[in-house]
Structure formats: structure tokens, C-alpha cells
Amino acid sequence: MTRHPPVAGETMSSLNALLAPMSGVDSRVVGGVQLDIARAGSSRVKRVIYPSGFRWSKDMKPLVGTDYCMHAHVGFLAQGQIHIEYPDGCKLEFAAPQAMAIEPGHDGWVVGSEPAVVIEFDFEGETACRCGMPERHQHR
């Protein structure tokens, strides 16, 4: 993993803070993905760490039982790169640092050798609706 040298006020430990253990959150690993979830009013704030080599259709599909990820993802990609594909051929590329909004009905995977770290805002089953997104990807 290639990292830039620290800039003024930044230490090597602050560069690794995105991956550091968190206290006061619900932590779990599902399909190799580290989830750290905190309640925030009527929503949740999640740190999601997708390991290098992760692909939804390979790692999560067998656990979930749907053909595609049916969750909306709204947040900030703080580290790494993610590729998203929809069944109609639409593709999205995200590279940190970047805000992201991913509609339900997608496959996705980590690009490159470093984990992808996403800070996600989640309304459980209502994320798409509450964020003004369609319930399923629509070709534009």
C-alpha cells in the first residue's frame, strides 16, 4: 500500500485511524466485511471496511440470497477504490476521497490492493426513500 508522507500536523498513526478499533459501537464481520455501527438519532453511522479482493457477488450473495445488493449506500469513501455495476450495464467508479450514492440493485468490488473504507449514513430499510433515491437502480 502506497501512502503519502505525513503533512504538517499529521502523524503516521492518524493515517491508520480509519482502520483502528472503535469503542461504543456494534461491531461485526459479515462476508469478510468489517461493520462498525453507531446510532445517530433516527439513523445509523457506519464505518464499513471492505477488504482487498472483496466482491459482493462472491462474498455476500451466498449469505444474502439475492442476485444483487439491494441496499442503498450513501456516504463518503475515505480510503481505497470501489467499482459498481448494475445489471443494465451502468458502471460507477469511486476513488477516495469521494462522496458516493449507490442505488439498490448492484454488484460491487474493491479495486486494487488496499481496503476500501466507507463512512455510510443509513436509515436501515428506508435509506433509498429517505435520501430521495429510487428503490432500485433505473437506467438514465
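Rules used in this analysis
- Residues numbered from 1 in each chain as written.
- Predicted model: local features only at pLDDT ≥ 70, side-chain atom pairs only at ≥ 80, totals over all residues.
- Heavy atoms only, no water.
- Helix = DSSP H or I, 4+ residues; strand = E, 2+ residues; numbered from the N terminus.
- Buried < 20%, exposed > 50% of the residue type's maximum accessible area, 1.4 Å probe, protein only.
- Contact = heavy atoms within 4.5 Å.
- Areas by Shrake-Rupley, 256 points an atom, 1.4 Å probe, with all protein chains shown as cover.
- Salt bridge = Lys/Arg side-chain N within 4 Å of Asp/Glu carboxyl O.
- Pairing = 2+ DSSP bridges.
- Axes fitted to C-alpha atoms, helices over the stretch in contact; angles between N-to-C directions.

Draft legend 1. View of the overall build of the chain. When its secondary structure is counted, the chain shows 4 helices and 9 strands. The secondary structure elements of the chain, listed N-terminal to C-terminal, are α-β-β-β-α-α-β-β-β-β-β-β-α. A buried classification covers 36% of the 140 residues belonging to the chain. Pairs at least 24 residues apart make up 61% of the contacts formed inside the chain by residues separated by at least 6 positions. Just so you have it, the chain exposes about 7900 Å², and 57% of that area is on carbon and sulfur atoms.

Draft legend 2. Just the pattern of salt bridges, in detail. In this structure the tally under the stated criterion is 10 salt bridges. Among the ionic pairs, Lys-46 bridges to Glu-120, the shortest N-O distance being 3.6 Å. Taken together, the positions of Lys-46 in strand β3 (residues 43-50) and Glu-120 in strand β9 (residues 116-122) put the pair 74 residues apart, joining distant regions of the chain. Assessed through its relative accessible area of 2%, Glu-120 is described here as buried. Asp-107 is the partner of Arg-55 in a salt bridge, and the nearest nitrogen-oxygen pair spans 3.0 Å. Note that Arg-55 is positioned in the loop between β3 and α2 (56-59) and Asp-107 in strand β8 (residues 107-111), a separation of 52 residues in sequence.

Draft legend 3. Broad picture of the sheet that holds strand β5 (residues 81-85). Taken together, 3 strands build an open sheet; the order of strands is β6-β5-β8 and the sheet is antiparallel. The sheet is open, and its two edges are formed by β6 (91-95) and β8, each paired on a single side. Across the sheet, the mean angle from the axis of one strand to that of its neighbour is 15°, orientation sign disregarded. Pairing of β5 with β8, which is carried by 5 bridges, proceeds in the antiparallel orientation. Each residue of the ladder has a partner; that of Gln-81, found in β8, is Val-111.

Draft legend 4. Representation of the sheet that holds strand β4 (residues 73-79) within the structure. Pairing is antiparallel in the open sheet, where 6 strands are placed in the order β1-β2-β3-β9-β4-β7. Lying at the two open borders of the sheet, with one neighbouring strand each, are β1 (26-30) and β7 (98-102). For this sheet the average axis-to-axis angle between neighbouring strands, irrespective of direction, equals 25°. Of the pairings in the sheet, the one linking β4 to β9 comprises 5 bridges and is antiparallel in character. Bridging from a neighbouring strand, Gln-79 pairs with Val-117 of β9.

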